[in-house]
Amino acid sequence: QIVARTGRYKLLLLASVTLLGIGSFLFADLAATTDMVTIWFWQLVLGIGIGPTLAVFTIVIQNAVPFSKLGVATSNLTFFRQIGGTVGLSIAGSLFGTQLAGLLPQRLVANGVSKQLVDQFGGAGTGGGLDLNNLLGVGTDLGAAILANVPEQAKPIVEPLVPNIVTSI
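Residues numbered from 1 in each chain as written. Predicted model: local features only at pLDDT ≥ 70, side-chain atom pairs only at ≥ 80, totals over all residues. Heavy atoms only, no water.

(A) Focus on the nonpolar core. Among the nonpolar cores identified, the biggest contains 14 residues, and Leu108, Val113, Ile146, Val158 and Ile165 are the most heavily contacted of them. Listed by contribution, the elements that provide at least two residues to this core are helix 4 (70–110), helix 5 (115–120), helix 6 (142–148) and helix 8 (162–168). It is helix 6 that contributes the most residues to this core, three residues altogether. Excluding residues that lie within four positions of it along the chain, Val113 makes contacts with Leu108, Val118, Leu161, Asn164 and Ile165. (Core = buried A, V, L, I, M, F, W, Y, C linked by side-chain atoms within 4.5 Å. Buried < 20%, exposed > 50% of the residue type's maximum accessible area, 1.4 Å probe, protein only. Helix = DSSP H or I, 4+ residues; strand = E, 2+ residues; numbered from the N terminus. Contact = heavy atoms within 4.5 Å.)

(B) Representation of helix 2 (residues 10–27) in the model. With 18 residues, helix 2 should reach 26 Å at 1.5 Å per residue; the first-to-last C-alpha distance of 26 Å fits that figure. Among all positions in helix 2, only Leu13, Ser16 and Gly23 are buried. Looking down the long axis of helix 2, one finds its buried residues gathered within 90° of arc, a one-sided arrangement. Of the residues in helix 2, the exposed ones pointing more than 90 degrees away from the buried face are Lys10, Leu11, Leu14 and Phe25. The inward-facing, buried residues of helix 2 contact helix 3 (36–64). (Expected span 1.5 Å × (residues − 1). Arc of directions from axis to C-beta.)

(C) Looking closely at the layout of surface pockets. Each pocket or cavity is described by its volume, and for the largest pocket that value is around 660 Å³. Lining the largest pocket are 16 residues; nearest its centre among them are Leu30, Ala31, Ala32, Phe96 and Ile169. Looking at which element gives the most residues to the lining of the largest pocket, the answer is helix 4, with seven residues. Partitioned by chemical class, the residues of the lining of the largest pocket number 11 nonpolar, four polar and one charged. Around the second largest pocket, the lining residues are Ala28, Gly88, Leu89 and Ala92. Across the lining of the second largest pocket, the residue classes tally to three nonpolar, one polar and no charged. (1 Å grid on protein atoms, 1.4 Å probe; cavity = no way out; pocket = protein on both sides within 12 Å on 5 of 7 lines; lining within 4 Å. Points joined across faces, edges and corners; volume = space filled by probe spheres on them. Nonpolar A, V, L, I, M, F, W, Y, C, P; charged D, E, K, R; others polar.)

Geometry only, nothing functional implied.
Following this line, the structure appears as structure tokens:
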């Protein structure tokens with residue numbers, strides 16, 4: 001609406017990208033203990049940044065090419081957005097997995113799981129009997145997934161610690 005009414009987009013694009021950067025920076029400090037109202041505010045900042053950015057980039061691309069190339073330009077924009085999203089998500093997922101594997105043993109010990117038990121079931125996430133890939137998923141009952149990965153003889157030891165392990169993850 002702003003671009004249609006004013007015919008100008010550079011300032012809007014600059015402000016949107018700035019808000020997008022600020023929102024992304026805010027989410028870099030996200031933790032399990034972050035207050036919900038704070039998260040909503042961060043989402044608002046990020047959304048106000050990303051919404052106009054996506055729409056205005058499409059307008060910029062479509063205005064920069066002749067009418068006969070409009071479809072090609074728009075489809076290229078969509079294609080490269082998807083490629084960028086795939087690559088970015090892969091990098092973010094790798095970083096997340098590495099951070100989780102590195103920080104999980106410390107968090108487990110801080111939440112009352114003995115260091116000996118942590119070392120026995122995976123240590124720094126690089127070995128042992130605990131596979132982090134089986135624990136992460138949407139809609140997964142984390143406690144049940146943890147117990148499913150534990151050998152039968154160790155279940156009586158691990159079962160009382162499941163709430164602490166879930167909190168750590």
